[in-house]
Structure formats: structure tokens, C-alpha cells
Amino acid sequence: MSFISWEEYRSISAGVSEEEFARLSRKAEIKLNEVTHMRAGRFLSEYDGEQATDFQKQVYSQIQATMCELMDALYTRETSGMGTGIAGVSNDGYSETYHIRTEEEMEAQIVSLIRNGLSGTGLAGVLRVFFLMRQ
């Protein structure tokens, strides 16, 4: 089962083209399952919208929204390249400051996006321990 369909994605977000959707949704599914230790995939494989409780519907909605944000972030990451994130711009005398992002910083941003998106669902509960161990 795919985590999100093209139609569901388009109803929530518009950052990725239909041509890029299949590839990026697969990458996002892999990352979401990696961070949630397969909990997101198991939840979706057992999800039945007709018999779902309000909480289960909320979790489903959060997974959909997180997938959209994740695909958009992965697309931006791929298209912008490392080291091109503008940190500051001044119009008086013209100056630009670029924030060079390392792979670790970008990975932490993706993990944070997933953690925040799935907050309260129980799917990302191990992340706090994961973050504490890495610091």
C-alpha cells in the first residue's frame, strides 16, 4: 500500500510535479519508515477508514500531511543543492549570506519534520531517545 496517492498529495500540497511524485513518495516512505521503525507502514497497512476511531483518523491525517511536507522537503533538498540556502540578504549596499548546510544538518531537519508531523500519534515515540543519544 502506498502511503499517499497523487490525488491526496495534490489536495494538501503542490510542491512536487506528477512526474516526480512516484519517485519522491517512495523516498519519503522509506525515510518515514526508517524514522518510525516501520510503525507508520504497519499503521497504514492496518488502517480501515470506515471502521477507524477519531484518533486513528487523526493519525492517518497526520501521516498524510507529514508525507507531503517530507516530499516537498526532499524535492527542495534535491533541487537547491547543498550550500545554497540563503541565510541573509541586505538591499542597502547589496549583500547575501549563504548558510552552507552539511548532510548531518539536512538529515536532522528531515527527522525533525517527521517528529513534529507525527507528534502525539505514538508512531515517533523513540525519537526523543534517538536524539538524546546523538547529542
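Structural notes, computed from the coordinates. Just so it is clear, the structure is predicted and the values come from calculations on it, not from any experiment.

### Points about the overall build of the protein
- Looking only at helices and strands, one finds 6 helices and 2 strands in the protein.
- Along the chain direction, N to C, the helices and strands of the protein fall in the order α-α-α-α-β-β-α-α.
- Summed over all atoms, the accessible surface of the protein reaches about 8500 Å², with 51% contributed by carbon and sulfur.

### Considering the packing of helix α3 (residues 39–46) against helix α4 (residues 54–80)
- At a minimum axis separation of 11 Å, α3 and α4 run at an interaxial angle of 125°. By the angle class used here, α3 and α4 are oblique. By crossing handedness, the relation of α3 to α4 is classed as left-handed. For the pair α3 and α4, the contacting residues are Ala-40, Phe-43 and Leu-44 in the first and Gln-56, Val-59, Tyr-60 and Ile-63 in the second.
- Considering only residue class, the contact of α3 with α4 consists of 6 nonpolar, 1 polar and no charged.

### As for the nonpolar core
- Of all hydrophobic cores here, the largest spans 28 residues; its most connected members are Tyr-9, Leu-32, Ile-63, Met-67, Leu-70, Met-71 and Ile-114.
- Looking at this core, the elements with two or more residues in it are α1 (6–12), α2 (18–35), α3, α4 and α5 (103–117).
- The element that contributes the greatest number of residues to this core is α4, accounting for 8 residues.

Rules of the game
- Residues numbered from 1 in each chain as written.
- Predicted model: local features only at pLDDT ≥ 70, side-chain atom pairs only at ≥ 80, totals over all residues.
- Heavy atoms only, no water.
- Helix = DSSP H or I, 4+ residues; strand = E, 2+ residues; numbered from the N terminus.
- Areas by Shrake-Rupley, 256 points an atom, 1.4 Å probe, with all protein chains shown as cover.
- Axes fitted to C-alpha atoms, helices over the stretch in contact; angles between N-to-C directions.
- Parallel < 35°, antiparallel > 145°, perpendicular 65-115°, else oblique.
- Left-handed = near helix turned anticlockwise from the far one by under 90°.
- Contact = heavy atoms within 4.5 Å.
- Nonpolar A, V, L, I, M, F, W, Y, C, P; charged D, E, K, R; others polar.
- Core = buried A, V, L, I, M, F, W, Y, C linked by side-chain atoms within 4.5 Å.
- Buried < 20%, exposed > 50% of the residue type's maximum accessible area, 1.4 Å probe, protein only.

Keep in mind these values describe shape, not function.
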